[in-house]
Amino acid sequence: MRQMDLLLCRRVYGPALLVVVGAAVMMLLIGNNASALDSSLFIATDALLALALGVSYGQGGILCMAQATFAAVGGYCSAIVASHAHLPAIVGLLIAIAAPAILGLVVATLTVRLSPLALAFATLTLGQIAQVVFEQGGNLTGGFVGLAGISPTWFTWTPFRAQLWTWVAVAIVVLLVSRLKHSVQGTAYRLIQEDRVLAESLGISPIVRLSSLFAFAGGIAGLAGWLYTTSRFFIAPDSLALDLSIDVVIFVVVGGVGYVLGPVVGTAVLVLIRDRLPSAEVEGMFYGGVLVLALIFAPQGILHELSTLAERLRAAVPGRQPSSPPAGTGELSQSRSEASKAVPR
Amino acid sequence: MHTFLQLLLEGILSGAVIGLLAMPFNIAYATTKSFDTAVGGYAVVSGMAVHEYGLGRGVPIGLASGVLGSLIMAGTFLVLRKRHQADPIIVVLASFGVLFALISFAYWRYGGDEVYKQLLGGTVDIGGIRLVTTSVLGLGVALVVLIALWVLLRWSALGRLMRASADDAHHAEITGIPVTWVQVGAFIVSGLLAAVGGIFAVGTSGIGTDLGASLTIQAFGAVIIAGARGPGSSLVSAMVIGMVTAFATGYSSGGLADIVTPAFIFIVLASGRLDFAKGNVRRA
């Protein structure tokens, strides 16, 4: 029993601990190097968006292609609160999380019953609608130019501090996602994915559960939008646009959709490689090629490949039994009977 | 009334160009039970090649570019089918990768500006309503393609092979159907049609790398709204989208027109009545 608790503890807290250690090492290495700080901030912000998609797609099976839109809603809300209403930053933060969460809830209520492809497409059109709203919002959104000159908050006063707090946010979100995955709720989400009819017969409402998951993901994206806006002091319609939503899908697929840390790893690897490309023009060829190759050779992501490799190495050592999956990993699917047993009636 | 009719016909004509991009979705779906969202990429590389090289050299280069792009997608699909049984969502994601790569290639090769190239000069006058000749030709081509596809998919032996390949590729192969070649052929025809759509797009509304994803969204929207029933429904649906956009542009100010089309697609999708894939690609 104690061993079970330890294993669960390792699975729940391990990923967040890995993020804390990884971010600390990275911050020590980059110091005050301006370009490295900028890259680190980009990775952390995009990782939050990828985590939001990881929650909705990895746990709920909802391929939402509007994460950047939810972040933009959060970013604009905080910018409007700061520049028009002159309210404290903490109010901006709360609104930046709440507004996309409510939007996500409304959108999910309308769309979660759709097939995965239709749902993905509906969220893609949502991104287009939001972009036009931001562009045509007049003084409120700043039109095509956007809102600039937003006062920095205590959290984002300097680039180093912005980077630090964004990574703290990543670690907290990883912990929340990890806890959710290994909770009764997480089991219910797996059951909904495995067999929706069985889930409904057990009293689980897929629409209510998936809508709340969608709203949670929207809130995470809103947090990313707040951090983006307050650390760069501006937001424009192109800042968190449709392209970024598709980039985020690539990050999650490459990292591993079934793993809590998959979105963070995918984002870090791809952004670091992207920053070394000869020009921005070839970025799409790189991302497109990576997505195709990942789907062909590693459809479950980098973390799955690493996990499999580690298992093989362990099995190759004489006298050692393969152990449980490492921290930060976890099977996306659980057997139907196992899942149904764990769900309260 | 005159303005209404003018906008109505302009909407139908611009919808026909979108229809040329929507019909390839139906061909891929009829053969693979999945969608190729890279059509916007085929259209962009084709249209921009016509602008770059002129009509004489540009049209064959554009068509070849579109076909080459579709061959990359066909190869990707075949490898995915062999390794993972080609889950429709995985194929769609992979086609997004090809779309991204093609748009990026066009940006690198031809630049990021939106371009326009006159294909045919002059206008056609129908009862006082003036229509651009290229747009009218686009409608004619769309109708010819529709009839050809209808005959191919509904009445020809090849159409039956295509449907058999989509329904059960494994059993179709056992019965001697060259599934691989049928599916590659379907992707090539899709690429060719999308390239034709791209050529008409550069000759009517203009084309650019920023429009690649937007063209895919509009065309895919037409297919989904039509319930993926067939090329005819998709063409009609594309024309409805074209009309909605034309009326929004003509009767509203500011950016309302830009919001009407995606909002219309979103509302139709959210209604859930036309969800083509219910019970088909749903995970559960």
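Residues numbered from 1 in each chain as written. Chains lettered and ligands numbered in written order. Predicted model: local features only at pLDDT ≥ 70, side-chain atom pairs only at ≥ 80, totals over all residues. Heavy atoms only, no water.

(A) Main features of the overall build of chain A. When helices and strands are counted, chain A shows 15 helices and two strands. Taking 345 residues into account, the globule formula puts the C-alpha radius of gyration at 20 Å, and chain A, at 20 Å, falls close to it. Taking the principal axes of its C-alpha atoms as reference, chain A extends roughly 65 × 50 × 40 Å. Out of the 345 residues belonging to chain A, those deemed buried represent 56%. Residue pairs at least 24 apart in sequence account for 78% of intrachain contacts in chain A once pairs closer than 6 positions are excluded. Approximately 14400 Å² of chain A is accessible, and the part contributed by carbon and sulfur atoms is 68%. Here chain A contributes 19 positively and 17 negatively charged side chains, and the mean placements of these two sets differ by 13 Å. (Helix = DSSP H or I, 4+ residues; strand = E, 2+ residues; numbered from the N terminus. Rg over C-alpha atoms; globule rule 2.2 N^0.38 Å. Buried < 20%, exposed > 50% of the residue type's maximum accessible area, 1.4 Å probe, protein only. Contact = heavy atoms within 4.5 Å. Areas by Shrake-Rupley, 256 points an atom, 1.4 Å probe, with all protein chains shown as cover. Lys, Arg positive; Asp, Glu negative; His and termini not counted. Charge placed at Lys NZ, Arg CZ, Asp CG, Glu CD.)

(B) Focus on the overall build of chain B. Looking only at helices and strands, chain B features 10 helices and two strands. Written out in order from the N terminus, the α and β elements of chain B read α-α-α-β-β-α-α-α-α-α-α-α. Taking 284 residues into account, the globule formula puts the C-alpha radius of gyration at 19 Å, and chain B, at 19 Å, falls close to it. Projected onto its principal axes, the C-alpha positions of chain B cover 60 × 45 × 35 Å. Out of the 284 residues belonging to chain B, those deemed buried represent 55%. Residue pairs in contact within chain B that sit at least 24 positions apart in sequence constitute 76% of those at least 6 positions apart. Looking at chain B as shown, the accessible area adds up to about 11600 Å², and 65% of this sits on carbon and sulfur atoms. Charged side chains in chain B number 16 positive and 13 negative. The centres of these two groups are separated by 9 Å.

(C) Quick peek at helix α5 (residues 116-135) of chain A. Between its first and last C-alpha atoms α5(A) spans 29 Å; for 20 residues at 1.5 Å apiece the expected length is 28 Å, and the two agree. α5(A) sits mainly inside the fold: 19 of its 20 residues count as buried. (Expected span 1.5 Å × (residues − 1).)

(D) Quick peek at the packing of aromatic side chains. One pass over the structure, following the stated rule, counts 15 aromatic pairs over all chains. Ring centres 6.0 Å apart and planes at 85 degrees place the aromatic pair Phe70(A) and Phe214(A) in the edge-to-face group. Of this pair, Phe70(A) sits in helix α3 (residues 67-83) while Phe214(A) sits in helix α10 (residues 206-232); the two residues are 144 residues apart in sequence, bridging distant segments of the chain. The class for Phe70(A) is buried, based on a relative accessible area of 1%. Seen from their ring centres, Tyr29(B) and Phe35(B) are 4.7 Å apart, and the 5 degrees between their planes marks the pair as stacked. The burial state of Tyr29(B) is the same as that of Phe35(B); both residues are buried. Here the aromatic cluster, defined as three or more aromatic residues joined through ring pairs, consists of Phe121(A), Phe25(B), Tyr29(B), Phe35(B) and Phe220(B). Cation over ring: Arg274(A) sits above Phe42(A), and NZ or CZ is 5.9 Å from the ring centre. (Phe/Tyr/Trp six-rings, centres within 6.5 Å; stacked < 30°, edge-to-face > 60°. Lys NZ or Arg CZ within 6 Å of the ring centre and 35° of its normal.)

(E) Looking closely at the side chain of Ser234(B). As for its placement among the helices and strands, Ser234(B) is situated in helix α9 (residues 231-251). Once residues within four sequence positions are removed from consideration, Ser234(B) is found in contact with Ala22(B), Asn26(B), Ala222(B), Val223(B) and Ala226(B).

(F) How the structure looks around unusual backbone geometry. Residue and element names in this part refer to chain A. Unlike most non-glycine residues, phenylalanine 233 shows phi in positive territory, near 65 degrees. Following the sequence through the fold, phenylalanine 233 ends up in the loop between α10 and β2 (234-235). For phenylalanine 233, a relative accessible area of 31% gives the class partly exposed.

(G) Examining the interface of chain A and chain B more closely. In this assembly, 48 residues from chain A lie in contact with 45 residues from chain B. A combined buried area of about 4100 Å² lies between chain A and chain B, and 76% of that area is made up of carbon and sulfur atoms. Counting across the interface, chain A meets chain B through zero salt bridges. Where chain A packs against chain B, one counts five residue pairs in polar contact (both at pLDDT 80 or more). Elements supplying a minimum of two residues to the side of chain A that touches chain B: α4 (89-111), α5, α8 (184-194), α11 (242-255) and α13 (283-297) of chain A. Residues that form the side of chain A that touches chain B fall into these classes: 31 nonpolar, nine polar and eight charged. (Buried area = accessible area lost by both parts, 1.4 Å probe. Salt bridge = Lys/Arg side-chain N within 4 Å of Asp/Glu carboxyl O. Polar contact = N/O pair within 3.5 Å; in protein donor to acceptor, adjacent residues only side chain to side chain. Nonpolar A, V, L, I, M, F, W, Y, C, P; charged D, E, K, R; others polar.)

(H) Molecular detail of the pattern of salt bridges. According to the stated counting rule, one finds four salt bridges over all chains in the structure shown. For the salt bridge of Glu311(A) with Arg314(A), the shortest nitrogen-to-oxygen distance reads 2.9 Å. One end of the pair is Glu311(A) and the other is Arg314(A), both in helix α14 (residues 302-316) and three residues apart, which spans about a single turn. Salt-bridge contacts for Arg81(B) lead to Glu173(B); the nearest nitrogen and oxygen are separated by 3.3 Å.

(I) Quick look at the environment of Ser183(A). Here Ser183(A) shows up in the loop between α7 (159-181) and α8. Distance from Ser183(A) to Val12(A), taken between C-alpha atoms, is 9.6 Å for residues 171 residues apart in sequence.

(J) Examining the nonpolar core more closely. Leu63(A), Trp167(A), Val170(A), Val174(A), Phe35(B) and Ile207(B) are the most contacted members of the largest nonpolar core, which has 185 residues in total. A total of 14 residues in this core trace back to one element, the largest contributor, which is helix α3 (residues 88-110) of chain B. (Core = buried A, V, L, I, M, F, W, Y, C linked by side-chain atoms within 4.5 Å.)

(K) View of the environment of Val50(B). Residues and elements named next belong to chain B. By secondary structure assignment, the location of valine 50 is in helix α2 (residues 39-84). In sequence terms valine 50 and lysine 117 are 67 residues apart; their C-alpha atoms lie 7.6 Å from each other. Apart from the residues within four sequence positions on either side, valine 50 is in contact with Leu55, Gly58, Val59, Lys117, Leu119, Ile199 and Val202.

(L) Seen up close, the confidence of the model for chain A. Put simply, chain A has an average pLDDT of 87, and 91% of its residues get 70 or more. Counted against residues more than four places away or in other chains, residues 326-345 of chain A, with its pLDDT under 50, gives 47 contacts. (pLDDT = per-residue confidence, 0-100.)

(M) Representation of the confidence of the model for chain B. All names here are of chain B. Here chain B averages 86 in pLDDT, while 95% of its residues score no lower than 70. By mean pLDDT, helix α5 (residues 157-167) is the weakest element of chain B at 81, and α2 is the strongest at 93. Low pLDDT, under 50, characterises residues 279-284; the predicted model gives this stretch 20 contacts beyond four residues in sequence or across chains.

(N) Quick peek at the side chain of Thr125(A). By the element assignment, Thr125(A) lies in helix α5. Leaving out residues up to four positions away in the same chain, Thr125(A) has contacts with Ile217(B), Pro262(B), Ile265(B) and Phe266(B).

(O) Focus on the environment of Phe286(A). Within the element layout of this structure, Phe286(A) appears in helix α13. Note on Phe286(A): relative accessible area 15%, which makes it buried.

(P) The arrangement of the packing of helix α1 (residues 2-32) of chain B against α9(B) in detail. Residue and element names in this part refer to chain B. Interaxial distance between α1 and α9 falls to 6 Å at its minimum, and their mutual angle equals 140 degrees. Here α1 is positioned oblique relative to α9, judged by the angle of their axes. Crossing handedness for the pair α1 and α9: right-handed. Of the residues in the contact of α1 with α9, the class split is 16 nonpolar, nine polar and no charged. (Axes fitted to C-alpha atoms, helices over the stretch in contact; angles between N-to-C directions. Parallel < 35°, antiparallel > 145°, perpendicular 65-115°, else oblique. Left-handed = near helix turned anticlockwise from the far one by under 90°.)

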